[in-house]
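# A closer look at the structure
Listed below, chain by chain, are the residues.
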4 protein chains.
Amino acid sequence: MVQLGANRYGKAEIRMVRVARGAGPGGSDVLRDWNVSTSLSGDLAGSHLTGDNSNVLATDSQKNRVYALAKELGAVEPETFALALAAFFTASQEPISRARVAIEQYGWNPVGSTGYSFARAGDLVRTTTVIHDAEAGTSVVSGLKDLIVMNTTASEFWGYPKDPYTTLPETKDRILATAVNAGWRFWPDTLDRMDWGAAFTTVKETILGTFAGTYSYSLQQMLYTIGSAIIAAVPEICEVRLTLPNKHHFIVDLTPFGLDNDREVYHADDRPYGLIEGSVLADWAPDPGLAWT
Amino acid sequence: MVQLGANRYGKAEIRMVRVARGAGPGGSDVLRDWNVSTSLSGDLAGSHLTGDNSNVLATDSQKNRVYALAKELGAVEPETFALALAAFFTASQEPISRARVAIEQYGWNPVGSTGYSFARAGDLVRTTTVIHDAEAGTSVVSGLKDLIVMNTTASEFWGYPKDPYTTLPETKDRILATAVNAGWRFWPDTLDRMDWGAAFTTVKETILGTFAGTYSYSLQQMLYTIGSAIIAAVPEICEVRLTLPNKHHFIVDLTPFGLDNDREVYHADDRPYGLIEGSVLADWAPDPGLAWT
Amino acid sequence: MVQLGANRYGKAEIRMVRVARGAGPGGSDVLRDWNVSTSLSGDLAGSHLTGDNSNVLATDSQKNRVYALAKELGAVEPETFALALAAFFTASQEPISRARVAIEQYGWNPVGSTGYSFARAGDLVRTTTVIHDAEAGTSVVSGLKDLIVMNTTASEFWGYPKDPYTTLPETKDRILATAVNAGWRFWPDTLDRMDWGAAFTTVKETILGTFAGTYSYSLQQMLYTIGSAIIAAVPEICEVRLTLPNKHHFIVDLTPFGLDNDREVYHADDRPYGLIEGSVLADWAPDPGLAWT
Amino acid sequence: MVQLGANRYGKAEIRMVRVARGAGPGGSDVLRDWNVSTSLSGDLAGSHLTGDNSNVLATDSQKNRVYALAKELGAVEPETFALALAAFFTASQEPISRARVAIEQYGWNPVGSTGYSFARAGDLVRTTTVIHDAEAGTSVVSGLKDLIVMNTTASEFWGYPKDPYTTLPETKDRILATAVNAGWRFWPDTLDRMDWGAAFTTVKETILGTFAGTYSYSLQQMLYTIGSAIIAAVPEICEVRLTLPNKHHFIVDLTPFGLDNDREVYHADDRPYGLIEGSVLADWAPDPGLAWT
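Residues numbered from 1 in each chain as written. Chains lettered and ligands numbered in written order. Predicted model: local features only at pLDDT ≥ 70, side-chain atom pairs only at ≥ 80, totals over all residues.

For chain A, the count of helices and strands is five helices and eleven strands. Referenced to the eigenvectors of the C-alpha coordinate spread, the extents of chain A come out at roughly 75 × 65 × 40 Å. The 293 residues of chain A split such that 52% are buried. Across chain A, every contact between residues at least 6 apart in sequence was considered, and the portion connecting residues at least 24 apart equals 64%. (Helix = DSSP H or I, 4+ residues; strand = E, 2+ residues; numbered from the N terminus. Buried ≥ 20, exposed ≤ 12 C-beta atoms within 10 Å, placed from the backbone. Contact = placed C-beta atoms within 7 Å.)

Right, let's talk about helix α4 (residues 196-213) of chain C for a bit. The periodicity of an α-helix, 3.6 residues per turn, causes residues three or four positions apart to be oriented the same way. Look at α4 of chain C: 25 Å from first C-alpha to last across 18 residues, which is about the 26 Å you get at 1.5 Å a residue. Here α4 of chain C has its buried residues at W196, A199, F200, V203, I207, F211 and A212 of chain C. In this structure, the buried side of α4 of chain C is in contact with β5 (117-133) of chain B together with α3 (78-92), β5 (117-133), β6 (137-151), β7 (176-186) and α5 (219-233) of chain C. (Expected span 1.5 Å × (residues − 1).)

What follows is about the environment of L40 of chain B. All names here are of chain B. Here L40 shows up in strand β3 (residues 30-42). Sequence-wise, L40 and I96 are 56 residues apart; in three dimensions their C-alpha atoms are separated by 6.5 Å. For L40, the residues in contact, after removing those within four places along its chain, are R8, Y9, G10, L57, F89, I96 and A99.

Time to look at the interface of chain D and chain B. Every contact between the two is made by seven residues of chain D and, on the other side, seven residues of chain B. For the side of chain D that touches chain B, the residue count by class is four nonpolar, one polar and two charged. (Nonpolar A, V, L, I, M, F, W, Y, C, P; charged D, E, K, R; others polar.)

This part is about the interface of chain C and chain D. Contact residues are listed per partner, giving 66 residues for chain C and 67 residues for chain D. Mapped by element, the contributors of at least two residues to the side of chain C that touches chain D are β1 (2-12), β2 (14-20), α1 (45-50), α2 (59-73), α5 and β11 (273-282) of chain C. Element by element, the count of residues in the side of chain C that touches chain D is highest for β1 of chain C, at eleven residues. Residue composition of the side of chain C that touches chain D, grouped by class: 29 nonpolar, 24 polar and 13 charged. Taken together, the nine bridges between β1 of chain C and strand β11 (residues 273-282) of chain D define a ladder with antiparallel strand orientation. Of the residues in β11 of chain D, the one forming a bridge with R8 of chain C is E277 of chain D. (Pairing = 2+ DSSP bridges.)

Take the relation of the copies chain D and chain B next. Mapping chain D onto chain B calls for a rotation angle of 180° and an axial translation of 0.0 Å; the resulting RMSD is 0.0 Å. Overall, the copies show the geometry of a two-fold rotation axis. It is D270 of chain D whose C-alpha, among those of chain D, lies nearest the rotation axis, at 3.4 Å. Of the residues that chain D buries at the interface, 100% are likewise interface residues in chain B, meaning the two copies contact each other through the same surface. (Least-squares fit on C-alpha atoms with pLDDT ≥ 70 in both.)

Moving on, we get to the domain arrangement of chain A. Residue and element names in this part refer to chain A. Domains assigned within chain A are domain 1 (1-135) and domain 2 (141-293). Taking only C-alpha atoms, the centre of domain 1 and the centre of domain 2 are 29 Å apart. Every contact between the two is made by twelve residues of domain 1 and, on the other side, twelve residues of domain 2. Sorting the residues of the side of domain 1 that touches domain 2 by element identifies α3 (78-92) and β5 (117-133) as the ones contributing at least two each. Ranked by residue count, the leading element in the side of domain 1 that touches domain 2 is β5, at nine residues. Looking at the side of domain 1 that touches domain 2 residue by residue, the classes come out as three nonpolar, four polar and five charged. (Domains from an automatic or database assignment.)

A few words now on unusual backbone geometry. Cis geometry marks the peptide bond from R271 of chain A to P272 of chain A; its omega dihedral reads -5°. Within the secondary structure, P272 of chain A is located in the loop between β10 (265-268) and β11 (273-282). Phi is positive for E13 of chain B, which is not a glycine, with a value near 60°. Here E13 of chain B lies in the loop between β1 (2-12) and β2 (14-20). A count of 16 C-beta atoms within 10 Å places E13 of chain B in the partly exposed class.

Time to look at the packing of helix α4 (residues 196-213) of chain A against helix α5 (residues 219-233) of chain A. All names here are of chain A. Interhelical geometry of α4 versus α5 gives an angle of 140° and a closest axis separation of 9 Å. Pair α4 / α5 crosses with right-handed handedness. For the pair formed by α4 and α5, the contact residues are T202, V203, T206, I207, T210 and F211 on the first element and M222, T225, I226, A229, I230 and A233 on the second. Across the contact of α4 with α5, the residue classes break down as eight nonpolar, four polar and no charged. (Axes fitted to C-alpha atoms, helices over the stretch in contact; angles between N-to-C directions. Left-handed = near helix turned anticlockwise from the far one by under 90°.)

Here two copies of a chain appear, and what relates them is a rotation about an axis with a shift along it. For the match of chain C to chain D, the screw axis carries a shift of 0.0 Å, the RMSD comes to 0.0 Å, and the turn is 180°. Mapped onto chain D, 100% of the interface residues of chain C again fall at the interface, so both copies present the same surface.

On to the packing of α2 of chain C against α3 of chain C. All names here are of chain C. Between α2 and α3, the shortest axis-to-axis distance is 11 Å and the interhelical angle comes to 130°. As summarised for this structure, α2 and α3 are arranged oblique, according to the angle between their axes. Read as a crossing pair, α2 and α3 show a hand that is right-handed. Packed against α2, whose contacting residues are R65, V66, L69 and L73, the element α3 presents F81, A84, L85 and F88 at the interface. The class makeup of the residues in the contact of α2 with α3 is seven nonpolar, no polar and one charged. (Parallel < 35°, antiparallel > 145°, perpendicular 65-115°, else oblique.)

Right, let's talk about the nonpolar core for a bit. One finds V149 of chain A, V149 of chain B, V149 of chain C together with V149 of chain D to be the most contacted residues of the largest nonpolar core, which totals 344 residues. Beyond its immediate stretch of four places on either side in the chain, V149 of chain D contacts V111, F118 and A119 of chain A together with A177, T178, V180, L208 and F211 of chain D. (Core = buried A, V, L, I, M, F, W, Y, C linked by C-beta atoms within 7 Å.)

Spanning 15 residues, helix α2 (residues 59-73) of chain D covers 21 Å between terminal C-alpha atoms, matching the ideal 21 Å at 1.5 Å per step. With eleven of 15 residues buried, α2 of chain D is to be regarded as a mostly interior element. Taken together, the buried positions of α2 of chain D are T59, S61, Q62, K63, N64, R65, V66, Y67, A68, L69 and A70 of chain D. At its buried positions, α2 of chain D is contacted by β10 of chain A, β11 of chain C together with β1 (2-12), β2 (14-20), β3 (30-42) and α3 (78-92) of chain D.

Right, let's get into the confidence of the model for chain A. Predicted confidence across chain A gives a mean pLDDT of 98, with 100% of residues reaching 70 or more. As scored by the predictor, the complex reaches a pTM of 0.98 and an ipTM of 0.98. (pLDDT = per-residue confidence, 0-100.)

Considering the arrangement of structural elements, one finds W158 of chain A in the loop between β6 (137-151) and β7 (176-186). Sequence separation of W158 of chain A and P169 of chain A is eleven residues, and the distance between their C-alpha atoms is 8.1 Å. When residues no more than four places from it in sequence are discounted, the contact partners of W158 of chain A are E170, T171 and K172 of chain A together with N53 of chain B.

Residues and elements named next belong to chain D. A large share of β3 lies buried, amounting to eleven of its 13 residues. Across seven bridges, β2 lies against β3 in antiparallel orientation. From the neighbouring strand, V17 faces β3, where its bridge partner is D33. Where β3 and strand β4 (residues 96-110) come together, ten bridges link them in antiparallel fashion. Considered in β4, the bridge of S37 is made with A102.

Right, here's the structure in full:
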């Protein structure tokens, strides 16, 4: 005999662009270019076991609510939007006890002085995931992904164990490059008073500044240093999780061609790549509960 | 003050092809075309906090061990390989208490009768994830992904709640299409005696047969029916997790052109899409522990 | 001073699925899962120079015609559809003198015996490109792409020039793997009488059979042998163009680990890759004109 | 009987990073992050017809030459590199009469003041394609791709023909968004004296400024205006080719929810999309010959 376990359903990747006309500096437009995904959980056994959909708010209705809420709220921060949307679903649908709203935000920079012309930034994707649960309360994990950074020096790697399969030479100088994928969880009691935009900017600048300012002996050390710096910079954050691929840049052996290669020519390899994942927590950080699910 | 939380590191996406020459029917070659990812955890605080790498087996060494083990084991099932590799890392590196090995396997079909000619199958990717933990023991989650299926009828969707944002009309006939992404966890006491290849084939055929044989009132119902059927077909499986995107096929309105459209012409939409996720468990299934991490 | 050069416009990637209910063997459904792109050329200077759109059939109208024509024609071969669609645009829009229609077809295999259940094939994408020009007439280039094949032996590479940058060792045995991307152009006088489906099947089988049956000294030789075999197998074809990436499989050096590697363990590399492109023509093949544009 | 037609072969996607240490402002490093592809043509019938590779410079040797040349030349402009590389192959390999070198350049911005820290720009990819032919001479086509721009207004579309398949309503205000993919060909007699970096910057700024500054009645008009402006801004350019997808942003109908939508909430659709392609030529521009092949 079997039973239904954890489940959720929703509408994924709603590509919504909200234009707030004239709402920016000097009467310029403000853009929100989002990819919104919703997920609902609750009393959904009927739909799974017998195909009774009486508790299943259609994913199409979820999508419609996204568009309508964007009209109502204007060009707000993604966290503000996600909090309102998650609360709406659980409040308006009695069988729904939990809602998850995830948003990716794509950046745009003004072009010229028209106020209505923009070019996509492309340097990173800003993210947020809000979970509102009738019992466990509300969590916010914000983040960014695909922020690609490189130090051309100031990175060593040595002192590691040499097992029978170790052929990697130690190095006192290598390129260190990674794509920063980061999420940061807020203390639950801060959600009402956060300036989400300011927090994002501070974290982004902290990541960049820490990456540039840290002499590295391992990507793990870089991960921990960045995580620690984020929590120091924004005390409302209680946990940071980082996923850092080691984008290998291998020095090319030019000696067959009679050339030296003093840290000048590298091959940027695709696969395989190192992958470093870790969490840094503020002391006394509360249990994450559902926040990262 | 901050502290280091959960962490792991390893080599991702080692693209290894193992040829077992003459090992197949009639002296044909056997291929294993794999994408292997390793992750190690344990006493790694030093690397994070001070850049002391004395406990950090280099990801390059992990990669080398993958190649060497492939030589030693031959063209085995991916679960067999992952079990051996995970056990190796924890046994040979004292500070490493946990290893995770994930493998994607790409299928190839013979071409002609040479015994050495193949064409890539492309219908799905077979997967497995093994976690070996010094305390928690060993788990195996096998699976498949990107198996795209469609029923052109035998699917209804109605009886859902109508909130102020509901505009979707009910339907007694629609296309049901999804990309099956499934993982199945084995009872811990079965790992020594499994025929992994046979289990995979049985599950795959169960998924296809159940999808084709189920009259659907919701994708949730399809999910639960497939999950139940898998556990019934392979009793060594204690849990199935499925992620099923609803690949919407919208009927095109041809009336402006004086044409009817009696379930003939559809637009296959990209985004947004419904996303249905759920788990089906055997009664008394043990807690998953780390199995899905 | 500047002038307008060659130009075209249209609707790209119309994802249309046509279901012909009961039209297949035993009353099963027949599917056409297509990605259709249209492009029109003609007297379009006004739109470019002054924004006068009086000659610009909207790309939305082009899309609508695709859906309506699919209703009218049923589940035909893609070439039949593209020929009819291209002729329609040039016949119905006086300023439009040329139409290009390109179709990708995704394959589906029946699942079970319901007649309405299918699984996507994934082994290749079938293609066709039809150009209908008021002056130059009509061309058909059909093809396939992403057909990935491998010979685990029967491939050598040696005898190449050794310049100061050559370090590659010669080999009498290597894996030969490629993704076949092929287009084949038909003699203009055959278009009225072709059995497009049969021709596609014959070409596909010829590619697979030739790849398996050819002992290779270079991928160039394989390209020419395949092209020649296609023209021999389907005399209505006057030209074949092939783009063959050399999907390198590098033997892994296991000697540091005390292991030999007698053609057993390979690394499947991503980039860079060799890329071999070439054309094979029937004697007296007519000039291609616009066919490949 | 068949014959060999046009053909070429080479190494594609050599991912090379050149670091010129201390060569930048204030002693900062200069980066060139490139994706280089080479193709050679010439007397290659032997390799195709008989597998005689005596004229086939291995693609591995081509790759090696890329790395060595990067060492020799330093962090030059991609056009400078491609010109030197193409000339090298034809000069050093007697049977090779034509070489094509294509480079994609990924941008990096400095982070902080270390001089060795960078973040990837992500706003566009810079490109160049050089062809050096023993008879036809040398051509340079530079360009950029994936520059995504949007005007939230100042775009109309009306006055187009209404055929039986036209349902699109005319509009006096829409979002105009596209991903600019542009190539620009230089007059042959300018290649010795170009400042490639300055030309690129001028063209990029011209594209952005023209896009923002043009009130649009069609994307075709925008294409022609951009192309004309580029030639006016950089007289050494004789032809511009643009491929502009119309990235549709559809206004969402919120009336079912009792809300108006005065150009505020849009759905960013994926497929299908309009696709506008065209060329703008300086008067008396020479025939392109092989430049765009």
